[in-house]
Amino acid sequence: MKIFKILIFKQAQEIFKFNTLFYGDKKEKKRYLLIFCAVVLCIGVCGTYLFGNMYQVCMEFEKPQEILEYLINPLGLLAFLIIFFSSLLKGSGMLYSDRSSDILFSYPVKTICIVLAKIFFLYLWGVIISLAFLIIPILRYTILLHSILFGILDCLQIFIFPIIPMLLGVISGYILYKQIVNIYKSQVFVRSILYMVILFAFMFFMFFFFGKVDLNSIYRHILTKVDITYLVGGVFFTYKVGAALASVVALISGTVLIIYISKNYKKRYINLQINQQKGSSLNLSFKKNRKIYSLWKREIKRYLSIPIYLINTMLGNVLLLLFVIYSSIASEKVTAYFNLISELLEIQDPMVLYSYAMSLMIILTNVSYANISIEGKNREVLKSFPVSIKELLTAKYLFHLSLTVPMICLATIILGITYHMNSYEYFLCFILPLSFSAFAGALGLFINLLFPNYEWENIIYIVKQSIPAISTICLSCLIGVGMIWCIIKIFGHSIWSASYIVACILFAFAFLIIQFMKKISNNF
Amino acid sequence: MLEIRNLTKTYPNGKQAVKNLSITIEDGDLYGFIGKNGAGKTTTLKACLTIHDFDSGDILLNGISIKSNPIECKKRMAYVPDSPVLETYLTGLQYLNFVCDIYDVSTHTRKNKIIELSERLGMKDKLNDLIGSYSHGMKQKISLIGALAHEPLLLILDEPFVGLDPEAFVELKLLMKELCNSGGSVLFSSHILDVVEKTCNKIAIIQNGQLLRCGEIREILGTSDLEDIFMELNRI
C-alpha cells in the first residue's frame with residue numbers, strides 16, 4: 001500500500017505538475033496559476049450549468065420508475081460509453097507508451113501495483129463522469145423512493161460502476177494502439193493521412209448529413225424499441241437484489257480483468273517498445289538540393305509526421321475543399337444562398353462573395369504561428385548550422401504558402417468552371433485568398449518570433465494554446481472579416497476594385513511584416 | 001584557427017556562466033576542455049557557434065569574428081551537442097542529406113563521406129531507418145557523421161563519447177586525430193579524463209566560468225596525471 005501511494009503521488013505529479021507551483025521560477029509559477037484558475041473556472045461554470053439543468057430535469061419527474069427509465073438508464077449508458085472510449089484512447093497510452101515504466105520494472109514492485117497506480121487516475125476520471133451524470137438522478141430517485149439505505153448503496157455503486165468500462169476500454173485500447181504502432185512503424189506519414197481522412201469524413205458528415213439526423217427521434221427509438229433497462233443503469237441503480245448482485249459481479253470481473261492486464265503488461269509493454277520495423281532497403285540516395293529547398297522539405301516532412309500539428313492547422317483547407325465539393329454538387333443552392341446574402345448586404349454582384357468565402361476559409365489554415373517554437377530543443381543544432389535567419393524564415397514562409405496556394409488554385413479552377421466566371425472574377429478568386437493567406441502567414445511568423453516558446457513538452461501547447469496560436473488566429477480573422485466588412489459597407493459601389501485594392505494592401509502588410517521580422521530575429 | 005578573447009557570458013537569471021575566458025586553438029590542435037558540471041564548458045562551446053550570445057569579448061575563426069560574420073564562420077565549423085537532438089521523423093540518410101545541403105556539399109563528396117563514415121561507425125545498414133527508432137548511441141553516431149561529412153576545419157564536440165559503443169569510441173578518437181593531422185582542429189569537452197589525457201595535445205581546465213589552466217598537456221601535467229591535476233585545481 002505504501003508503494004502504491006508513492007506511485008500514485010508520482011503519477012499525480014506527472015499529470016498535474018504541481019511541483020511547478022512549489023519549485024518553478026516566477027514565470028512558470030505565474031503561468032501554472034493562470035492555467036489552474038482558468039481550468040477551475042471552466043469546471044465551475046460547466047459543472048454549475050450541468051448540475052443546474054440536471055436538477056431542473058429531475059424535478060419534472062414524479063415517479064421513481066420514470067427517473068430510472070428516462071434518466072438513469074440512458075445517462076448510465078452514456079457514462080458507460082464515455083468511460084469506455086476515454087479509457088480506450090487514454091488508458092493504452094498511460095500503460096504502454098509511458099517510457100517511465102522501464103525504470104518502474106527495475107524497482108522491487110509488483111507489476112499489479114504498477115498497473116493499478118497507472119490506471120488509478122483513469123478510474124478517478126470514470127468516477128467523475130459517473131458522478132456528473134448520475135448523482136442527481138440517483139438522489140431524486142432515492143427521495144422519491146423514500147429509501148435512504150438504498151440511496152446510500154446506489155451512491156456507493158457509482159464508485160463500482162466505472163470499473164468494467166474502464167478496464168474493457170484499456171484492453172481494447174491496447175489492441176488498437178498495437179495496430180497503430182505497427183502502421184506508424186511501417187510508414188511515418190500513414191498516421192497523419194489517417195487522421196486527415198477522419199477529420200475530412202467528420203466534417204463531411206457534419207456539413208452534409210448531421211442536419212438530417214433527428215436526435216430526438218433516435219433517443220425515443222432507443223427508449224421505446226431497445227430495452228436498455230437491464231443494460232447498465234437498471235441493473236446497478238435499483239432497490240432490488242439484482243443491484244447488489246451486479247456490484248459483486250462487477251467487482252469480481254474487475255479483479256479478473258486487472259489480473260489479466262497485469263499478467264500480460266510487461267510482455268506487451270516490451271513488445272511495443274521493440275523496433276518492429278522491417279529491414280530497410282539499402283538504396284541510398286545522395287541527391288544534392290538547394291539550401292532553401294532542403295529546409296522547406298524538412299518542414300513538410302515534420303508537418304506530415306505530427307498528426308496533431310496537421311489536423312489543427314488544416315481546418316481551412318478542409319473547409320475550402322468541402323465548400324468546393326458542395327458548390328460543384330449543389331451549385332444552384334449555393335448561388336441562391338449567395339444571392340440572398342448579397343441582397344441582405346446590398347451587394348450588386350454576388351460573384352464577389354465566392355472570393356470572400358474562400359479568403360475567410362483559407363485564413364484558418366495557418367502553420368506559421370507554431371513554426372518557430374516547433375524547433376524546440378532542435379533549435380541549438382539548427383543555430384550551429386550556417387543558415388541565416390532570413391533563409392530559415394523564408395523556408396518556413398514558403399512552407400506555409402505551399403499548403404494553401406495549391407488549394408486556392410484548385411478551388412479557383414473548380415469554382416470558375418462551375419460558375420462560369422470571367423477572367424476578372426477568376427483572378428480575384430485567386431488573388432484575394434492568396435493575399436489573406438500571405439498576410440496570415442507573415443503575421444503568424446512574426447508573432448511566433450516575438451513570443452517564442454522552445455521549452456514546450458507537449459506539442460498541443462504550441463499548436464493550440466500558446467499566445468502566438470490564439471493571437472494569430474484571432475487577429476487574422478478579425479482583420480480579414482474587418483477588411484471585407486469595410487469593402488461591403490464603405491466601398492460597396494465599386495466592390496471589385498475595392499477587393500483588388502484590399503488584396504494589394506494585404507500583400508503590402510505581409511511584405512512590411514517580413515521586413516520588420518529581421519529586427520527581432522535575435523529572438524531565434 | 002580559433003581564438004576566444006575575453007569571453008564573458010551572463011544568463012538572464014544573473015548567473016555568470018563564463019568570466020573573461022581566453023583560449024587559442026591552433027591548426028592541428030586536439031583540444032580538451034574539462035571542468036565540473038556547470039563550470040561553463042557547454043556555454044563556451046555554444047558561444048563559439050553563436051548558439052548563445054555573449055556579453056563581451058570576441059571569438060575569431062581564422063581572423064573572422066563570429067559576431068560580425070557568423071555564417072562564414074559556421075560554414076567551416078561543425079558541432080555535436082551532448083545529447084543528440086535530431087529530427088526523429090527523418091531517416092538517418094535524409095538527415096545527413098539535409099545537413100549536407102545546408103553545408104553545400106556536392107553529391108560526389110557527400111556520397112563518399114557518408115558511406116565511409118557510416119561504415120566506420122557501423123551505421124551503414126541503419127541509414128534508411130527512422131531516427132526515431134535509433135538508440136542514444138546511434139543518434140550520436142549520426143550526429144558525428146553529419147558533423148564530419150562536410151569536412152569542417154574546426155570540429156566542436158560536447159561530451160562526444162557518451163553512449164558510444166567501444167568500437168565507435170575508438171573510431172571517433174581516430175577520426176579526431178585524422179582531422180587534426182589533415183590540418184583541422186578539434187575542441188571537445190569531456191569528463192573522461194583518461195581519454196583527454198591520451199588523445200589531446202592541449203587542454204583547458206575551467207571552474208565556475210573561469211579558466212584555471214590551459215596550454216600544452218605535457219607542460220600542464222609534468223610528471224603527474226590529469227586526474228591528480230584536475231582534483232588539485234578543483235580543491236583550490
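The model shown is predicted, which means the values in this text are computed figures rather than measured ones.

### Focus on the sheet that holds strand β2 (residues 16-25) of chain B
Residues and elements named next belong to chain B.
Here's step 1: Taking strand neighbours across the sheet as the criterion, the 4 strands line up as β2-β1-β4-β5 in an open arrangement whose pairing is antiparallel. Single-partner strands in this sheet number two, and they are β2 and β5 (64-65).
Here's step 2: Helix α1 (residues 41-48) rests against β1 (2-10), β2 and β4 (56-61) of the sheet, and its axis sits at about 120° to β1.

### Some thoughts on the UniProt feature "domain: ABC transporter" (unreviewed entry) in chain B
Here's step 1: The feature "domain: ABC transporter" (unreviewed entry), as given by UniProt, occupies residues 2-233 of chain B in the numbering adopted here.
Here's step 2: Taken end to end, residues 2-233 of chain B is 38% helix and 26% strand, and its first and last C-alpha atoms sit 25 Å apart.

### Quick notes on a nonpolar patch on the surface
Residues and elements named next belong to chain A.
Here's step 1: A surface patch of nonpolar side chains, amounting to about 810 Å² of accessible area, comprises Phe-202, Phe-205, Met-206, Phe-207, Phe-209, Phe-210, Val-213, Leu-215 and Ile-218.
Here's step 2: Going through the elements one at a time, α9 (190-208) and α10 (215-225) are the ones with two or more residues in the nonpolar patch.
Here's step 3: The leading source of residues in the nonpolar patch is α9, at 4 residues.

### Details of empty space enclosed by the protein
Here's step 1: A complete count under the given rule lists 2 cavities of 30 Å³ or more for this structure.
Here's step 2: Among the secondary structure elements, those contributing two or more residues to the lining of the largest cavity are α18 (379-384) of chain A together with β6 (77-80), α3 (92-102) and α5 (136-149) of chain B.
Here's step 3: Broken down by class, the residue content of the lining of the largest cavity amounts to 12 nonpolar, 4 polar and no charged.
Here's step 4: Lining the second largest cavity are A:Leu7, A:Lys10, A:Gln11, A:Leu104, A:Ile114, A:Ala117 and A:Lys118.
Here's step 5: Of all the elements in the fold, those that place two or more residues in the lining of the second largest cavity are α1 (2-16) and α6 (111-145) of chain A.
Here's step 6: Class assignment of the residues belonging to the lining of the second largest cavity gives a composition of 4 nonpolar, 1 polar and 2 charged.

### Quick notes on helix α7 (residues 148-160) of chain A
All names here are of chain A.
Here's step 1: The end-to-end C-alpha distance of α7, which contains 13 residues, comes to 19 Å, matching closely the 18 Å that a straight helix rising 1.5 Å per residue would cover.
Here's step 2: Along α7, the residues that are buried comprise Gly-151, Asp-154, Gln-157, Ile-158 and Ile-160. Angular distribution of buried residues about the axis of α7 spans 155°; they occupy a single face of the element. In α7, the exposed residues that point more than 90 degrees away from the buried face are Ile-148 and Leu-149.

### Describing the interface of chain B and chain A
Here's step 1: Chain B puts 39 residues into the contact, and the matching count from chain A is 31 residues.
Here's step 2: The three residues of chain B that bury the most area against chain A are B:Tyr89, B:Asp101 and B:Ile102, which together make up 20% of that side's buried surface.
Here's step 3: Along the contact surface separating chain B from chain A lie 3 salt bridges.
Here's step 4: Residues B:Glu87 and A:Arg298 are paired through a salt bridge, measuring 3.1 Å at the closest nitrogen-oxygen approach.
Here's step 5: On inspection of chain B and its partner chain A, the count reaches 10 residue pairs in polar contact (both at pLDDT 80 or more).
Here's step 6: Counting residues per element, the ones that place at least two in the side of chain B that touches chain A are α2 (70-75), α3 and α4 (107-120) of chain B.
Here's step 7: Residue contributions to the side of chain B that touches chain A peak at 8 residues, all from α3(B).
Here's step 8: Along the lines of polarity and charge, the residues of the side of chain B that touches chain A split into 20 nonpolar, 8 polar and 11 charged.

Conventions adopted
Residues numbered from 1 in each chain as written. Chains lettered and ligands numbered in written order. Predicted model: local features only at pLDDT ≥ 70, side-chain atom pairs only at ≥ 80, totals over all residues. Heavy atoms only, no water. Pairing = 2+ DSSP bridges. Helix = DSSP H or I, 4+ residues; strand = E, 2+ residues; numbered from the N terminus. Contact = heavy atoms within 4.5 Å. Axes fitted to C-alpha atoms, helices over the stretch in contact; angles between N-to-C directions. UniProt positions renumbered as here; feature names shortened; annotations may be inferred. Patch = residues over 30% accessible without salt bridge, like charges linked within 9 Å, V, L, I, M, F, W, Y side chains within 5 Å. Areas by Shrake-Rupley, 256 points an atom, 1.4 Å probe, with all protein chains shown as cover. Salt bridge = Lys/Arg side-chain N within 4 Å of Asp/Glu carboxyl O. 1 Å grid on protein atoms, 1.4 Å probe; cavity = no way out; pocket = protein on both sides within 12 Å on 5 of 7 lines; lining within 4 Å. Points joined across faces, edges and corners; volume = space filled by probe spheres on them. Nonpolar A, V, L, I, M, F, W, Y, C, P; charged D, E, K, R; others polar. Expected span 1.5 Å × (residues − 1). Buried < 20%, exposed > 50% of the residue type's maximum accessible area, 1.4 Å probe, protein only. Arc of directions from axis to C-beta. Buried area = accessible area lost by both parts, 1.4 Å probe. Polar contact = N/O pair within 3.5 Å; in protein donor to acceptor, adjacent residues only side chain to side chain.

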